[in-house]
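Fold and geometry: a report
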Amino acid sequence: MSWGHACVDVYQGAVAALVPYFVAERAYSYAAASGVVLAASLLSSLVQPLFGVLTDRWAMPWLLPLSALTAGAGVALSGVTGSYALTLAVVAVSGVGVAAYHPEAARVARTVSRGRHTAMGWFSFGGNAGFALAPLLVFAVVATGGLRATPLLVVPALAGAALCAAAVRSAGSGAGSAGASTAVGEDDWPSFLRLSGAVVCRSVVFVGLGTFVSLYVRERIGGGEAAGTAALFVLYAGGAVGTLAGGRLAERYGRTAVVRRSYALTVLAVAGLVLVPGPPVYLFVALTSAGLYVPFSLHITLGQDFLPRRVGTASGVTLGLTVSVGGLAAPALGALADATSLRTALLPLVALPGLGRLLLCGLREPVQPGAAVPDRADPQEPVAR
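On a predicted model such as this, the values are computed, not experimentally measured, just so you know. (Residues numbered from 1 in each chain as written. Predicted model: local features only at pLDDT ≥ 70, side-chain atom pairs only at ≥ 80, totals over all residues. Heavy atoms only, no water.)

1. Thoughts on the overall build of the protein
- Check the secondary structure of the protein and you find 15 helices and zero strands.
- In the protein, buried positions account for 56% of the 385 residues.
- With the model as given, the accessible surface of the protein reaches about 14500 Å², and the carbon-plus-sulfur share is 68%. (Helix = DSSP H or I, 4+ residues; strand = E, 2+ residues; numbered from the N terminus. Buried < 20%, exposed > 50% of the residue type's maximum accessible area, 1.4 Å probe, protein only. Areas by Shrake-Rupley, 256 points an atom, 1.4 Å probe, with all protein chains shown as cover.)

Below you can see the structure in the form of C-alpha cells.
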C-alpha cells in the first residue's frame, strides 16, 4: 500500500514540478501556470467527498489500480496537448484519479494497519515519497526531452496499478469489508471541522510553495533549473522523513500536541523561507517541510477517530480534499505575483499556519474505538471525545 501510494502521489507532485517548464516552453504567465495546478485540484476537490461517501457504503478495492492509471494518464498527456484548454482538461482527469484513490486507500490501509500510528505513518510516507520523487522524475524526463516527453511519465502509474492490485489481494477479506459495518463510537463533527480547517490552512501553504518555490529560489539565488528542482525536492523529501517522525512523536507526546507544535514551527519556517536571502533558503525550505509533514499522517488518524462511523469520508477530507483544495488559492497567488512579485505573493503564506494553530487550540485527543474511557462518576476526570 505504501509503494502504491507513492506511485499515485507522484502525479500530485508532478503537476507542480511541470510549472517551470510550462512557463519556459509555452511562455505561460504565473497566473496561467498556476491555473494548471488549479485544474488538477478543482475537480479533485469537488469529487473527493463523493468518493469518501461511497467507500463508507461499499468497499471498492478495484478502484485503487484504476485510479492509479487515471492519475498517470492525465499527467502523461499534459505536455503533448495542443492547447491550454486541453492541458487543463487532461490535468483535471489526473486530479480525478488522485481523488478516487485516497479515501479507499486510506480505508484499506487502516484495516491492515489496525489503526497503529506508525503503520499509518508508513502508508503516508509512501505518498510523501512520491511527492519527493516527482521533481526528480520530471527533471529527468522533461529537462532532456522537453514537454513532448511527458508520455514517459506514465510508467509509475503502471507500477502503481500492479502494486495496488497485489496489495488488495494480500489484504484479502479485510480489504473487502466496508468499514461502516463495524464502526463503533460517536462522530464528533465540531472537532473534525476544526481539524479540517487547520488542514486547509496547511494545504494552501503546501500547494502555494509547491507551485512557486522552484521559481522563487531560481529568482533569489540563481542556478537555473537545477537550483529550483533542488528546492522542490527538499520541500517534498523532508516531508517523507517528517511523516515517519510524526507517528513516533505521537506515540510519545500525543497526536494533538505534536500537530499544534508543528503548525507553530511552520510559521517561523515559512517566514525564513520568504524573508532570509541567499543559500540559507534551503534550510528554511527543509524546516518548512518538517512543519508541514510531521502532522500529515496524524491528520488522517485524528480525522478517522473523530468520525469513526464515516472513515471513508474522514479520509477523503483529511487525506484528499484538504490537500487538493490548496490548489484553489494558487491562481490568486499567481495573479498577485504577476502584479507585484513572487516574494510579495508568498508573504500571506506566513500567516496561514498561525491561523491553523488557533483552530487547533483546545482540540482534545479522541477516544479510539475499543479504548477505555474514564469513569463518568468521577467529576474530576474529564472525558475526551
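2. Focus on unusual backbone geometry
- Here the phi dihedral of A27 falls at roughly 60 degrees; this positive angle occurs in a residue that is not glycine.
- Tracing the chain through its elements places A27 in the loop between α1 (2-26) and α2 (30-57).

3. Some thoughts on the packing of aromatic side chains
- Taken as a whole and judged by the stated rule, the model has 10 aromatic pairs.
- Ring plane angle 20 degrees and centroid distance 5.6 Å describe the contact between F22 and Y28, whose orientation is recorded as stacked.
- Ring geometry for F131 and F206: centres 5.2 Å apart, planes at 85 degrees, overall edge-to-face. Note that F131 is positioned in helix α5 (residues 117-145) and F206 in helix α7 (residues 189-221), a separation of 75 residues in sequence.
- An aromatic cluster of three or more residues is present, and its members are F131, F206, Y236, Y293 and F296. (Phe/Tyr/Trp six-rings, centres within 6.5 Å; stacked < 30°, edge-to-face > 60°.)

4. Here's the deal with the packing of helix α9 (residues 255-275) against helix α15 (residues 352-360)
- Look at α9 against α15: their axes get within 8 Å of each other, and the N-to-C directions meet at 160 degrees. Compared by their axis directions, α9 and α15 come out roughly antiparallel. You can see that α9 and α15 cross each other, and the crossing is left-handed. From α9, V259, R260, Y263, T266 and V267 reach across to α15, where they touch P353, G354, G356, R357 and L360.
- Classifying every residue of the contact of α9 with α15 gives five nonpolar, three polar and two charged. (Axes fitted to C-alpha atoms, helices over the stretch in contact; angles between N-to-C directions. Parallel < 35°, antiparallel > 145°, perpendicular 65-115°, else oblique. Left-handed = near helix turned anticlockwise from the far one by under 90°. Contact = heavy atoms within 4.5 Å. Nonpolar A, V, L, I, M, F, W, Y, C, P; charged D, E, K, R; others polar.)

5. Quick look at α2
- In a regular helix each residue adds 1.5 Å, so 28 residues correspond to 40 Å; α2 covers 42 Å between its end C-alpha atoms and thus fits that length.
- If you look at α2, its biggest bend is around 35 degrees, right at S45, and the proline P49 turns up within four residues after that. (Expected span 1.5 Å × (residues − 1). Bend = angle between axes of the 7 residues up to and from the residue.)

6. Overview of the pattern of salt bridges
- Tallied over the entire structure, the rule returns four salt bridges.
- Close ionic contact of R310 with D187 constitutes a salt bridge, the shortest N to O distance being 2.2 Å. Of this pair, R310 sits in the loop between α11 (296-306) and α12 (311-324) while D187 is found in the loop between α6 (155-171) and α7, placing the two residues 123 residues apart along the sequence.
- With a relative accessible area of 35%, R310 lands in the partly exposed category.
- Given a relative accessible area of 14%, D187 falls into the buried group.
- Ionic contacts of the salt-bridge type, sharing partners, join the residues R255, D305 and E365 into one network. (Salt bridge = Lys/Arg side-chain N within 4 Å of Asp/Glu carboxyl O.)

7. A word on the packing of α1 against helix α4 (residues 84-113)
- Axis separation between α1 and α4 bottoms out at 10 Å; the angle between their running directions is 160 degrees. Judged by the inter-axis angle, α1 sits roughly antiparallel to α4. As α1 packs across α4, the resulting crossing turns out to be left-handed. Note on element contacts: α4 touches α1 through T87, V91, S94, V98, Y101 and H102, opposite G4, H5, V8, D9, Y11, Q12, V15, F22 and R26.
- Among the residues forming the contact of α1 with α4, the class breakdown is seven nonpolar, six polar and two charged.

8. Some details on the nonpolar core
- Counting residues in hydrophobic clusters, the biggest one holds 75 residues, and the most contacted among them are V138, L209, Y236, L273 and L349.
- Ranked by residue count, the leading element in this core is α1, at 11 residues.
- If we ignore the near neighbours within four places in the chain, the residues touching L209 are L235, V270, L273, T288, L346 and L349.
- Membership of the second largest hydrophobic core comes to 17 residues, among which are L195, A198, A250 and F306. (Core = buried A, V, L, I, M, F, W, Y, C linked by side-chain atoms within 4.5 Å.)

9. Some words on the environment of R218
- By the element assignment, R218 lies in helix α7.
- A relative accessible area of 27% means that R218 is categorised as partly exposed.
- Excluding its chain neighbours within four sequence positions, the residues that come into contact with R218 are P20, G224, E225 and G228.

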